[in-house]
Amino acid sequence: MMEYDLARIDYILCGITFPDTLKILPNPGHKTLQKFAVGDKNGVLQCLCIKDEEPIVQFKTLPGKPITSIQVASTNGNHIDKIFAASGHEVKGYTRKGKVFLTIETSVSETITSMCILNSDLVLCSGRTVTFYRDLKEIYTYACEDRVLDIAAFSTPNSTRVRLLVLIGNKGAAVIENGELLARTQISSGPTRLIVPPAQRSSEVTVFYGAADGSIGLIQYETDLSSTCLVEGGGLGAVVCVGWYFSNGAHLAVGRHDGSVQLYLVDLDNVNEKPRLKFTYFCGEPITSVCGGSVGTEETELLVSTFSGRVFALRSQRLISGGVALNNMTPEALASRRNKLELEVARLEKQTAAEREKYQRNTRSLNAGMSTPPLLEIQYELTGAMLNGWQEVIITAGVPLDMLFIYCNKKVEVQTDSAAVLSVCPPQGKASEILATVRCQAGTRRIWLQMRAVVDCGPEMTECTQVLVYVLPAGAPRIARLIKLSLPALPQYSQHDDPDRDDDRVWCELRLSGGFSVAEMTSWLSDALPGELPRPAVSISFARVHCLLKTVIICRYQSFDWLIRKKSFRRGSAVFKSDNVSTIATLKDLLSYCSLKRAIRVDISCDIPEMCCLMLFKSIKDQFLSEYQRKKEFILKEAIGALDLDVNIINSESEPILCEEYVRVWKSVDTTKNTLFFNELAATVEQWYSDWCKLSLYGRDNSSQKTQLKLALQECQVNNIEGILSLKDLQINSNM
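This is a predicted model, so every value here is computed, not measured.

> Whenever I open this one, the overall build of the protein confuses me. Can you help?
Within the protein, the secondary structure is distributed over 11 helices and 43 strands. With 736 residues in all, the protein has 48% of them scored as buried. Summed over all atoms, the accessible surface of the protein reaches about 37000 Å², with 50% contributed by carbon and sulfur.

Put into structure tokens, the structure is as follows:
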């Protein structure tokens with residue numbers, strides 16, 4: 001949607017940037033053009049302004065630790081005039097002229113990932129901890145259940161206390177006041193970034209959030225903490241950053257991992273109203289920061305930074321295409337600008353030639369030592385499986401990519417986007433191996449792959465599938481970066497849920513006890529479930545939902561250490577509940593294999609209800625019938641298309657050659673095989689019954705019932721399916 005006529009103009013190129021490391025400084029007085037500050041992975045903080053389309057550096061710091069967060073704030077209660085940058089374990093404050101007026105060496109053990117400033121209060125987030133400072137003194141530290149993603153601070157009415165709204169990985173959001181938890185809520189979409197509406201009072205706890213699935217929502221706290229999804233994800237990229245853009249109303253600017261920048265018109269008087277999409281721009285690499293202001297012109301523009309360090313603005317098209325800025329410049333200014341560009345090009349050519357000569361001289365020398373190429377900056381993410389079981393790998397590089405080599409010693413299906421050419425080599429020797437090459441188009445910095453492990457009908461999957469991806473950039477010297485990916489055994493359990501849910505599902509239960517720790521159990525479960533798991537603590541509890549079947553798995557585990565006669569002993573216990581019997585069977589095999597590989601003795605027991613398969617099938621019965629009907633219509637549409645009939649004859653109303661039902665199917669929306677899930681559902685139901693027999697009948701031969709079930713599933717004979725799953729014809733020996 002392009003309701004706004006905005007075009008891109010590039011400003012500067014810095015190092016690799018992290019999210020929320022670009023800020024615009026408000027004007028202190030009558031001046032209209034604003035300055036902006038940006039920090040990069042090299043530890044360089046720059047403050048710049050734009051004059052005659054040229055960036056002018058106000059100050060620039062020396063390289064140091066990577067800058068992970070930047071905030072602008074006021075120290076005297078008036079206009080915002082200070083820049084705060086977090087790098088490593090410390091926070092530094094800079095004036096507009098680059099003078100360091102504040103340095104805080106914090107006590108946090110992990111790198112600061114985000115921070116928030118409210119008056120004289122400073123809030124830092126690092127790992128799982130939230131640290132609150134007032135007047136440069138540490139007041140309290142709160143340890144969350146999982147890593148902290150983002151934070152916002154609000155004043156409390158008639159009090160000096162500060163309320164903190166925290167986004168917690170895999171747990172949703174929570175409200176903290178004076179080091180105590182006030183409220184929490186679970187948000188299944190996985191919020192990653194939040195922003196406070198600019199027009200609200202500082203005591204109103206209301207924020208917009210962007211989520212990992214691409215959705216946008218609202219979080220509010222009055223008596224309870226609640227969340228509302230305003231814009232569905234719908235295949236959009238994960239939200240990396242959010243900001244405000246004011247032009248013809250208030251707009252929520254959203255930067256996504258897929259390289260898109262979007263502007264949503266928001267009604268600040270009614271924040272619960274659905275935002276309206278007004279503008280979309282694609283730049284080809286992840287967006288790390290977005291903010292609106294008057295930087296290059298007196299009109300408002302949107303300032304954007306990317307992963308590779310490009311900072312550009314989206315401004316009105318008429319200010320670029322018409323050459324307004326150049327026409328207003330004097331001939332002397334144009335000549336000076338051209339001379340600067342020529343000198344810059346000459347300097348770069350001279351520097352390149354000198355480095356090339358130095359490298360060649362060292363390679364011919366006997367005492368030159370070792371030549372080490374620079375580490376290729378790569379950012380990659382493996383998402384949870386989609387409805388059809390494919391997992392998506394998004395690879396982003398700071399330089400253009402040339403080729404990718406993919407290797408796996410197991411059967412894996414691979415797909416890629418249209419910006420690359422995929423070639424799969426035929427297996428040699430071991431039939432289950434795969435070797436594939438992906439050749440990228442020129443200038444490609446971001447590429448996605450889809451992978452799916454192929455599980456044969458033989459042995460169960462007892463471990464995750466390891467995939468090696470070698471990433472080769474374009475240019476010289478020829479180097480490669482190795483990426484190791486682990487495809488979990490249960491990839492479709494990618495949605496988060498509340499582990500304390502209470503419903504009438506028929507639960508299968510798996511219990512383990514033995515000499516394992518919480519960290520070891522978390523490591524084992526990482527081979528089974530996609531995404532990040534909760535960080536190890538004394539006890540862990542979380543829940544996941546299957547994206548296609550909507551079945552649930554609830555995981556709870558803990559461990560204890562004690563001393564007896566100066567000897568340390570460890571005892572861990574774990575309970576897994578699911579309404580999907582195949583999930584329990586897969587977990588049982590995987591955890592048994594992991595404990596055996598680590599030589600840890602584990603006692604395992606299962607509780608499998610007799611009616612679990614029947615209740616499971618009834619929960620997906622409507623979906624099963626719908627997918628069967630879609631499959632029949634797809635086969636019918638292919639058959640009609642094979643007749644090679646004239647479209648005009650088919651649509652003729654005077655002499656129809658097809659019945660109304662066939663015409664309806666022919667005119668229906670095209671459906672590809674990739675969106676038909678009937679075969680997957682049929683295979684899943686068959687696997688349910690097979691796993692139930694394995695866990696309940698102790699491996700007793702039940703091939704005749706399995707054959708009958710397979711035929712009934714393919715022909716969609718619901719009564720026969722329910723009869724077999726109800727175990728009416730199954731005779732179980734009570735002595736077994």
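There's more to say after this.
> Is there a simple way to think about the packing of helix H5 (residues 612-619) against helix H11 (residues 718-725) in this case?
For any two helices packed against each other, the geometry is given by the interaxial angle and the distance between the axes. With their axes 8 Å apart at the nearest point, H5 and H11 run at an angle of 150 degrees to one another. Relative to H11, H5 is oriented roughly antiparallel. Counted together, Cys613, Leu614, Phe617 and Lys618 of H5 and Val718, Ile721, Glu722 and Leu725 of H11 form the full contact between these two elements. Class assignment for the residues of the contact of H5 with H11 results in six nonpolar, no polar and two charged.

> Where do I start with the packing of aromatic side chains in this structure?
Each aromatic ring pair is characterised by the separation of its centres together with the angle its planes make. Taken as a whole, this structure holds 10 aromatic pairs when the rule is applied. An angle of 40 degrees between the planes, with centres 5.1 Å apart, marks the rings of Phe624 and Phe678 as tilted. Here the residue Phe624 occupies a position in helix H6 (residues 621-642), and Phe678 occupies one in helix H9 (residues 678-696), the gap between them amounting to 54 residues. Phe624 gets classed as buried once you look at its relative accessible area, which sits at 0%. On the accessibility criterion, Phe678 (1% relative accessible area) is buried. Ring geometry for Tyr628 and Phe678: centres 5.2 Å apart, planes at 50 degrees, overall tilted. Note that Tyr628 is positioned in helix H6 and Phe678 in helix H9, a separation of 50 residues in sequence. One aromatic cluster is present, formed by Phe617, Phe624, Tyr628 and Phe678 through successive ring pairs. Residue placement shows Arg8 over the ring face of Phe312; its charged tip is 3.9 Å from the ring centre. Residue placement shows Lys82 over the ring face of Phe101; its charged tip is 5.6 Å from the ring centre.

> Would you mind showing me how to read the packing of helix H10 (residues 703-714) against H11 here?
One can describe the packing of H10 onto H11 by two numbers: an axis separation of 8 Å at closest approach and a directional angle of 150 degrees. One way to sum up the angle between H10 and H11 is to call them roughly antiparallel. You can see that H10 and H11 cross each other, and the crossing is left-handed. Contacts from Gln705, Gln708, Leu709, Ala712 and Leu713 of H10 reach H11 at Asn720, Ile721, Ile724 and Leu725.

> What exactly am I supposed to notice about the nonpolar core here?
The nonpolar side chains of a soluble globular protein tend to be buried with one another. Residues Met521 and Phe576 are the most contacted members of the largest nonpolar core, which totals 58 residues. Top element by residues in this core is H9. It accounts for nine residues. When residues of this core are sorted by domain, at least three fall in each of domain 3 (495-609) and domain 4 (612-726). With sequence-adjacent residues up to four places away left out, Met521 is seen in contact with Leu512, Phe516, Tyr557, Ala574, Phe576 and Leu591. Val393, Leu449, Val471 and Leu485 belong to the second largest nonpolar core, which has 26 residues in total.

> I would appreciate a short explanation of the side chain of Thr95 in the present structure.
Within the secondary structure, Thr95 is located in the loop between strand S8 (90-94) and strand S9 (100-105). Beyond its immediate sequence surroundings of up to four residues, Thr95 is in contact with Phe59, Asp81, Lys82, Ile83 and Phe101.

> Explain the pairing of strand S19 (residues 205-211) here, please?
If a strand is regular, its side chains alternate between the two faces of the sheet. Counted residue by residue, S19 has seven buried out of seven residues, so it is predominantly covered. What you see with S19 is no split at all: Val205, Val207, Tyr209 and Ala211 on one side and Thr206, Phe208 and Gly210 on the other are buried throughout. Note: strand S18 (residues 191-195) against S19, four bridges, orientation antiparallel. Residue pairing across strands places Leu194 opposite Tyr209, the latter belonging to S19.

About the cut-offs
- Residues numbered from 1 in each chain as written.
- Predicted model: local features only at pLDDT ≥ 70, side-chain atom pairs only at ≥ 80, totals over all residues.
- Heavy atoms only, no water.
- Helix = DSSP H or I, 4+ residues; strand = E, 2+ residues; numbered from the N terminus.
- Buried < 20%, exposed > 50% of the residue type's maximum accessible area, 1.4 Å probe, protein only.
- Areas by Shrake-Rupley, 256 points an atom, 1.4 Å probe, with all protein chains shown as cover.
- Axes fitted to C-alpha atoms, helices over the stretch in contact; angles between N-to-C directions.
- Parallel < 35°, antiparallel > 145°, perpendicular 65-115°, else oblique.
- Contact = heavy atoms within 4.5 Å.
- Nonpolar A, V, L, I, M, F, W, Y, C, P; charged D, E, K, R; others polar.
- Phe/Tyr/Trp six-rings, centres within 6.5 Å; stacked < 30°, edge-to-face > 60°.
- Lys NZ or Arg CZ within 6 Å of the ring centre and 35° of its normal.
- Left-handed = near helix turned anticlockwise from the far one by under 90°.
- Core = buried A, V, L, I, M, F, W, Y, C linked by side-chain atoms within 4.5 Å.
- Domains from an automatic or database assignment.
- Pairing = 2+ DSSP bridges.

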